[in-house]
Amino acid sequence: MTQPEFTAAWQAVATAQSRLADCRMTDLFAADPQRVTRYTLDVAELHVDLSKHLLDDAALEALLRLAQAADLPRWREALFAGAPINASEGRPALHTALRDVDPTPLTVDGQDIKPAVAAMQRQVADLAEAIRSGQRRASGGQPFERVVNLGIGGSFWGPALALEALQPHVTPDLRIDFISNVDPQPLRALLADCDPQRTLFLVSSKSFGTAETQRNLAAARAFMESHLGAAADQHFIAITASPDKARALGFRDDAIVTFPQWVGGRYSLWSAIGLPAAIGLGADRFAELLAGAAAMDAHFRSAPPQANLPLLLGLLDVWYASFWGFGSRVLLPYDQSLRLLPTYVQQLAMESDGKGVDRDGRPLPHPSCPVVWGGNGNDGEHTFYQLLHQGPATIPAEFVICAHDDADLPGHRRRLIAQCLAQAEALLGGAPAPDNPHARCPGNRPSSLFVLPRLTPAVLGALLACHEHRTFTSGVLWRINPFDQFGVELGKRLAGRLEQELDGAERTRHDPSTAALLEFCRARLQH
Ligand code: F6P
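What counts, and at which threshold
- Residues numbered from 1 in each chain as written.
- Predicted model: local features only at pLDDT ≥ 70, side-chain atom pairs only at ≥ 80, totals over all residues.
- Heavy atoms only, no water.
- Near = heavy atom within 4 Å.
- Polar contact = N/O pair within 3.5 Å; in protein donor to acceptor, adjacent residues only side chain to side chain.
- Areas by Shrake-Rupley, 256 points an atom, 1.4 Å probe, with all protein chains shown as cover.
- Helix = DSSP H or I, 4+ residues; strand = E, 2+ residues; numbered from the N terminus.
- Nonpolar A, V, L, I, M, F, W, Y, C, P; charged D, E, K, R; others polar.
- Axes fitted to C-alpha atoms, helices over the stretch in contact; angles between N-to-C directions.
- Parallel < 35°, antiparallel > 145°, perpendicular 65-115°, else oblique.
- Left-handed = near helix turned anticlockwise from the far one by under 90°.
- Contact = heavy atoms within 4.5 Å.
- Core = buried A, V, L, I, M, F, W, Y, C linked by side-chain atoms within 4.5 Å.
- Buried < 20%, exposed > 50% of the residue type's maximum accessible area, 1.4 Å probe, protein only.
- Domains from an automatic or database assignment.
- Pairing = 2+ DSSP bridges.
- Right-handed = clockwise from strand over helix to strand, strands pointing away.
- Expected span 1.5 Å × (residues − 1).
- Salt bridge = Lys/Arg side-chain N within 4 Å of Asp/Glu carboxyl O.

### Things to note about the site of the ligand
Next up, step 1: Around the ligand sit 13 residues, and of these Ser155, Ser205, Ser207, Thr210 and Glu351 come closest.
Next up, step 2: With respect to the ligand, the side chain of Gln347 contributes an N or O atom lying 3.3 Å from an oxygen atom.
Next up, step 3: Expressed as a share of its isolated accessible area of 390 Å², the protein-covered part of the ligand is 87%.
Next up, step 4: Those elements that place two or more of their residues in the shell around the ligand are α14 (341–353) and α19 (487–502).
Next up, step 5: By residue class, the composition of the shell around the ligand is two nonpolar, eight polar and three charged.

As structure tokens, this is what we get:
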């Protein structure tokens with residue numbers, strides 16, 4: 001790609017947007033009876049309708065040329081091949097290798113990584129089965145009855161989402177809880193309610209230095225030692241890419257599960273970080289989750305661009321954020337078990353693509369990553385949909401529904417599906433109300449609609465990998481590095497110092513507002 005080629009392709013997309021600025025999607029449907037068929041994709045059991053978008057063939061063509069001009073095929077190959085595309089941190093982003101069953105060697109830093117990946121997968125599977133079956137026992141000889149994951153961000157959302165989404169597949173014999181943030185309340189409640197004799201803590205942290213997880217670990221350890229003494233050690237397992245730090249905190253080698261540094265935190269469900277999910281689901285089901293993701297990897301890598309689901313979704317994200325100026329997009333699962341999907345995608349998309357400079361450090365000349373938000377679609381109807389229908393801003397929506405029967409509560413899902421379809425239809429068509437501006441819904445608001453069969457591990461794996469590759473695609477078009485996250489470090493550094501000052505350390509310079517709030521809180525803490 002040359003800069004002039006990229007600029008020309010970008011300009012061509014801008015021209016397409018100007019041409020469509022006043023278009024009505026209903027006219028696009030009228031002009032093309034095949035639109036639904038041509039804009040609907042079936043990939044890895046996901047049925048996805050992309051027809052309700054402010055896009056025609058010529059605009060799509062311009063976006064596909066932009067992807068070409070941004071060298072997307074070359075970047076995609078570099079991703080899968082393990083090239084150090086996370087340039088600011090000098091490493092690859094090889095989450096795809098974690099679900100790749102092809103034994104062909106994949107060389108990173110002169111070494112085939114496949115044997116180490118296979119060994120990690122075996123260790124996760126063996127450990128999960130040993131904990132599930134009661135073969136791995138608590139210090140007193142009893143099987144564990146409760147597993148508590150201490151971890152935050154990518155060391156929390158993925159396993160928590162997988163266990164919620166796949167609840168019917170999760171063993172009822174073990175209770176699995178997550179403690180993520182450092183608010184004392186959730187940990188206090190958990191410790192008050194757990195039997196130390198039969199509780200296992202997984203300490204999930206890629207860096208093994210995250211303050212929240214370390215603080216929760218220290219409290220959990222103190223609690224367990226107060227009940228079990230030195231035997232408490234047998235109730236903790238560290239899952240980390242920094243085993244030296246775990247050893248320094250007293251973890252023995254047989255209580256440490258490692259994974260490679262090239263696994264990004266928000267891409268780490270597929271690594272040993274998935275252990276809580278593997279324990280709940282069992283090794284075979286966890287392998288199915290990886291296989292579903294691998295099916296999406298194969299599709300993303302080889303499907304033609306115009307039929308490539310994650311690629312098209314990434315193009316739409318760029319189209320709306322950078323060319324239409326839509327500042328947010330909303331994710332609306334009509335399924336309680338996908339309640340955590342919007343938050344999971346929020347971290348994935350916003351921590352990856354929430355950057356203001358390109359990969360060479362130059363300021364981006366256009367808006368990039370939109371705010372990603374959302375929640376259970378049915379509850380959202382009675383909470384924030386008013387804004388979607390009549391607010392001044394257009395917010396592209398993405399509906400997700402599972403289409404299957406529920407014999408025990410017949411009618412519920414039919415109603416759920418009807419409500420989901422109705423909302424997408426209403427956003428598209430709107431409602432004229434010539435005599436009442438308050439009742440008028442402008443319509444012409446774009447949406448995608450995913451229909452999933454029953455939620456299985458494979459379907460969930462494909463869905464999450466689709467979001468990963470879509471995020472990668474938009475990152476490449478914005479020419480940013482989606483795999484670092486320096487922005488989150490500053491607050492962590494400041495919090496460390498502020499904590500000491502709350503504790504009485506000499507005050508350093510702060511802005512007047514922070515200084516006043518620090519004083520106010522310090523006085524309260526001393527009472
Ligand atoms: O919030 C920033 C972040 O670094 C995320 O990228 C990561 O998933 C999370 O913190 C947790 O980090 P760790 O697994 O190292 O504890």
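### Quick word on the packing of helix α7 (residues 157–165) against α14
Next up, step 1: Between α7 and α14, the least distance of the axes is 10 Å, while the angle of their chain directions is 155°. Judged by the angle between their axes, α7 and α14 are roughly antiparallel. The two elements α7 and α14 cross, and the hand of that crossing is left-handed. Each of Trp157, Gly158 and Leu161 in α7 lies in contact with α14, whose residues at this interface are Leu341, Thr343, Tyr344 and Gln347.
Next up, step 2: A breakdown of the residues in the contact of α7 with α14 according to their chemical character gives four nonpolar, three polar and no charged.

### Some points on the nonpolar core
Next up, step 1: The biggest cluster of nonpolar side chains holds 125 residues, and the ones touching the most others in it are Leu309, Trp319 and Leu452.
Next up, step 2: Mapping this core onto the domain boundaries places at least three of its residues in each of domain 1 (3–69 + 303–478) and domain 2 (107–285).
Next up, step 3: Dropping the residues within four chain positions of it, Leu452 is found in contact with Glu45, Leu46, Leu338, Val400, Ile401, Cys402, Ala403, Val459 and Leu463.
Next up, step 4: The next biggest cluster of nonpolar side chains, apart from the first, holds 22 residues, and it includes Leu150, Phe208, Ala232 and Ile256.

### Focus: the side chain of Arg470
Next up, step 1: Inspection of the secondary structure puts Arg470 in helix α18 (residues 457–478).
Next up, step 2: Engagement of the side chain of Arg470 in a polar contact is seen with the side chain of Glu398, the distance being 2.7 Å.
Next up, step 3: Setting aside residues no more than four positions away along its own chain, Arg470 makes contact with Pro310, Leu313, Gly314, Asp317, Arg329 and Glu398.

### Observations concerning the pairing of strand β13 (residues 447–452)
Next up, step 1: Most of β13 sits out of view: five of its six residues are buried.
Next up, step 2: Taken together, the three bridges between strand β2 (residues 46–49) and β13 define a ladder with antiparallel strand orientation. The partner of Val48 across the bridge, within β13, is Phe450.
Next up, step 3: Sheet analysis places strand β12 (residues 397–402) next to β13, joined by six bridges and oriented parallel. What sits directly across from Glu398, in β13, is Ser448.
Next up, step 4: The β-α-β motif built from β12, the intervening helix α17 (residues 412–429) and the parallel element β13 has right-handed crossover chirality.

### Digging into helix α4 (residues 57–69)
Next up, step 1: Across its 13 residues, α4 extends 18 Å between first and last C-alpha, which sits within 8% of the 18 Å expected from 1.5 Å per residue.
Next up, step 2: Lining the buried residues of α4 we find α1 (3–20), α5 (72–81), α13 (309–323) and α18.
Next up, step 3: Asp71 sits one or two residues past α4 and shows a positive phi near 65°.

### Let's talk about the domain arrangement of the protein chain
Next up, step 1: Per the domain assignment, the segments making up the protein chain are domain 1 (3–69 + 303–478), domain 2 (107–285) and domain 3 (488–525).
Next up, step 2: The straight-line distance from the C-alpha centre of domain 2 to that of domain 3 is 32 Å.

### Structural notes on the pattern of salt bridges
Next up, step 1: In this structure the tally under the stated criterion is 36 salt bridges.
Next up, step 2: The salt bridge partner of Arg362 is Asp360, with a shortest N-O separation of 3.4 Å.
Next up, step 3: When its relative accessible area of 44% is taken as the criterion, Arg362 is described as partly exposed.
Next up, step 4: With its nearest N and O atoms 2.8 Å apart, the salt bridge here joins Glu501 to Arg497. Separated by four residues within a single helix, Glu501 and Arg497 lie in helix α19, roughly one turn from each other.
Next up, step 5: Overlapping salt bridges bring together Arg146, Arg175, Asp177 and Asp193 as one network.

### As for the environment of Val147
Next up, step 1: Note that Val147 resides in strand β5 (residues 146–150).
Next up, step 2: Residue classification places Val147 among the buried residues on the basis of a relative accessible area of 0%.
Next up, step 3: Distance from Val147 to Ile279, taken between C-alpha atoms, is 8.8 Å for residues 132 residues apart in sequence.
Next up, step 4: Ignoring sequence-local partners within four residues, the contact set of Val147 consists of Ile131, Leu174, Arg175, Ile176, Asp177, Leu200, Leu202 and Ile279.

### A short note on the environment of Thr26
Next up, step 1: Along the chain, Thr26 falls in helix α2 (residues 25–31).
Next up, step 2: For Thr26, a relative accessible area of 38% corresponds to the partly exposed category.
Next up, step 3: Separated by 402 residues in sequence, Thr26 and Leu428 place their C-alpha atoms 7.5 Å apart.

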